[in-house]
Amino acid sequence: MEQVFLGEYIRQRRKDLKLTQQQLCEGICEPMTVSRLERGTQTPSYHTISTLLQRLGLPGNRYFALLSKNEADMDALQKEILADEIQFARSAKEDRPAIRRQALEKIEKLEQHMAPEDWITRQYILSAKASLGGPEGPYSPEERLTMLLEAIRLTVPRFDLENIGLLRYSMEETKIINQIASTYSQAGQKRTALNIYRQLLQYIGEHDRELAGFAGHYTMVAHNYAINLALEKRYGESMEVAEEGCRVCVRYGNYQFLPGFSAILAECFYFTGNLEQSKEYYFQAYYLYKAVGDRRNLEIMRREMKERLGVSPPHQVP
């Protein structure tokens, strides 16, 4: 898509959503940048365009933009850091310090590439550090919450936990809101976490369905929301969210959280007295975790099945 058509595309979508240029670009760039983009007289950076499109609920693959050498290097580093974050989350406690050090070295390189006014990258770095921790180890929930609120307000200065749906967000911004909810949950503030998850899931369902990462993003938040509902013994609501999460996984062919949804349903059916359904979902979760090689959750499923239902899968954990 040529620049002038991209500008018209953004302008029309913005008007359909009844957003001003100021509302669209707040925390990302100056309104003049959006004005010039819409007129076809300026091409902002790749990440600026991508973030603007995401706030409009539009997929970035509808336009073509060449990355500069520096942008390409930064993009590659962010992908490597994200891979480290995923590995870090799935690793045993004793393996995490080495992964943290590796990721922090890459973050340091990313900071060297970053321009002083690049709030989008600065936001990403704060988010990554909140997840990974610092050189001395993990941050406390209070420290993480401070970092994450600072991160979201870099590009969404009017962010309000009680009225999340009033503003527009990029996918990176909604990921940070999910982190904020998770941090409140870890700090024992379950009601606050549930309120954030509820608003966030509704926002993603209403605004992000055209984005390429919709299914993975929706199911991530739904998975966290369902877990926290179950922890509060709101089993009926938890099952509704988990069942919808399963449907999204299957419909969009994104199965990352399908084992987790099955495990949540197994637990909820157990605590509501439906032992046959619980057994069915425990077996389903067990074999899904086995298929993806998740040994930690395999062991959890095996133990819970034995303790709660008195059954074991035909094949033990390899």
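Residues numbered from 1 in each chain as written. Predicted model: local features only at pLDDT ≥ 70, side-chain atom pairs only at ≥ 80, totals over all residues. Heavy atoms only, no water.

1. Remarks on the overall build of the protein
Argument step 1. In terms of regular secondary structure, the protein is built from 15 helices and zero strands.
Argument step 2. Here the protein has a C-alpha radius of gyration of 21 Å; the compact-globule value for 318 residues is 20 Å, and the two agree.
Argument step 3. Once the C-alpha set of the protein is aligned to its principal axes, its extents read approximately 70 × 45 × 35 Å.
Argument step 4. Look at the contacts in the protein between residues 6 or more apart in sequence, and 61% of them connect residues 24 or more apart.
Argument step 5. Looking at the protein as shown, the accessible area adds up to about 16100 Å², and 50% of this sits on carbon and sulfur atoms. (Helix = DSSP H or I, 4+ residues; strand = E, 2+ residues; numbered from the N terminus. Rg over C-alpha atoms; globule rule 2.2 N^0.38 Å. Contact = heavy atoms within 4.5 Å. Areas by Shrake-Rupley, 256 points an atom, 1.4 Å probe, with all protein chains shown as cover.)

2. Focus: the packing of aromatic side chains
Argument step 1. A full pass over the atoms with the stated rule returns ten aromatic pairs.
Argument step 2. Arranged with centres 5.1 Å apart and planes meeting at 75°, the rings of Y169 and Y203 form a pair that is edge-to-face. Here Y169 is found in the loop between helix 8 (141-155) and helix 9 (171-186), whereas its partner Y203 is found in helix 10 (residues 190-207), with 34 residues between them in sequence. Comparing Y169 with Y203 shows no difference in burial state: the two are buried.
Argument step 3. Site record: aromatic cluster; members linked through ring pairs are F159, Y169 and Y203.
Argument step 4. Positioned over the ring face of F88 is R96, at 4.9 Å from the centre of the ring.
Argument step 5. In this structure, R209 is placed above the aromatic ring of Y218, and the distance from its NZ or CZ to the ring centre is 6.0 Å. (Phe/Tyr/Trp six-rings, centres within 6.5 Å; stacked < 30°, edge-to-face > 60°. Buried < 20%, exposed > 50% of the residue type's maximum accessible area, 1.4 Å probe, protein only. Lys NZ or Arg CZ within 6 Å of the ring centre and 35° of its normal.)

3. Quick notes on the nonpolar core
Argument step 1. Counting 62 residues, the largest nonpolar core has F159, Y169, I177, I180, I196 and F261 as the members making the most contacts within it.
Argument step 2. It is helix 11 (residues 214-231) that provides the largest number of residues to this core, a total of nine residues.
Argument step 3. Residues contacting Y169, with those up to four places away along its chain left out, are Q54, R55, V156, F159, I164, T174, I177 and Y203.
Argument step 4. In this structure, I10, L19, L37 and L53 belong to the second largest nonpolar core, which totals 16 residues. (Core = buried A, V, L, I, M, F, W, Y, C linked by side-chain atoms within 4.5 Å.)

4. Some words on the confidence of the model for the protein
Argument step 1. Predicted confidence across the protein gives a mean pLDDT of 90, with 94% of residues reaching 70 or more.
Argument step 2. Looking at the elements of the protein, mean pLDDT is at its lowest for helix 1 (residues 3-16), recorded as 77, and at its highest for helix 13 (residues 258-271), recorded as 98. (pLDDT = per-residue confidence, 0-100.)

5. Concerning the environment of I196
Argument step 1. Note on placement: I196 falls in helix 10.
Argument step 2. Taking C-alpha positions, I196 is 16 Å from M171, a pair spaced 25 residues apart along the chain.
Argument step 3. Here I196 is in contact with L161, I164, I177, I180, A181 and Y184, once residues within four sequence places are set aside.

6. A few points about the side chain of T174
Argument step 1. As for its position among the elements, T174 is in helix 9.
Argument step 2. Here the side chain of T174 touches H217 through a polar contact of 2.5 Å, side chain to side chain.
Argument step 3. Once you skip the residues sitting within four places of it in the chain, T174 turns out to touch Y169, L200, Y203, D208 and H217. (Polar contact = N/O pair within 3.5 Å; in protein donor to acceptor, adjacent residues only side chain to side chain.)

7. So, unusual backbone geometry
Argument step 1. In this structure, K18 is a non-glycine residue whose phi angle is positive, near 60°.
Argument step 2. Residue placement: K18 occurs in the loop between helix 1 and helix 2 (21-25).
Argument step 3. With a relative accessible area of 74%, K18 lands in the exposed category.
Argument step 4. Backbone geometry at K233 places phi at a positive 65°, although glycine is not the residue there.
Argument step 5. Checked against the element boundaries, K233 lands in the loop between helix 11 and helix 12 (235-252).
Argument step 6. A residue is classified by how much of its surface remains accessible, and K233, at 64% relative accessible area, is exposed.

8. Notes on the environment of D160
Argument step 1. The residue D160 is located in the loop between helix 8 and helix 9 in this model.
Argument step 2. For D160, a relative accessible area of 32% translates into the label partly exposed.
Argument step 3. One polar contact links the side chain of D160 to the main-chain amide nitrogen of E162, over a distance of 3.0 Å.
Argument step 4. Of the polar contacts made by the side chain of D160, one reaches the side chain of N163; its length is 2.9 Å.

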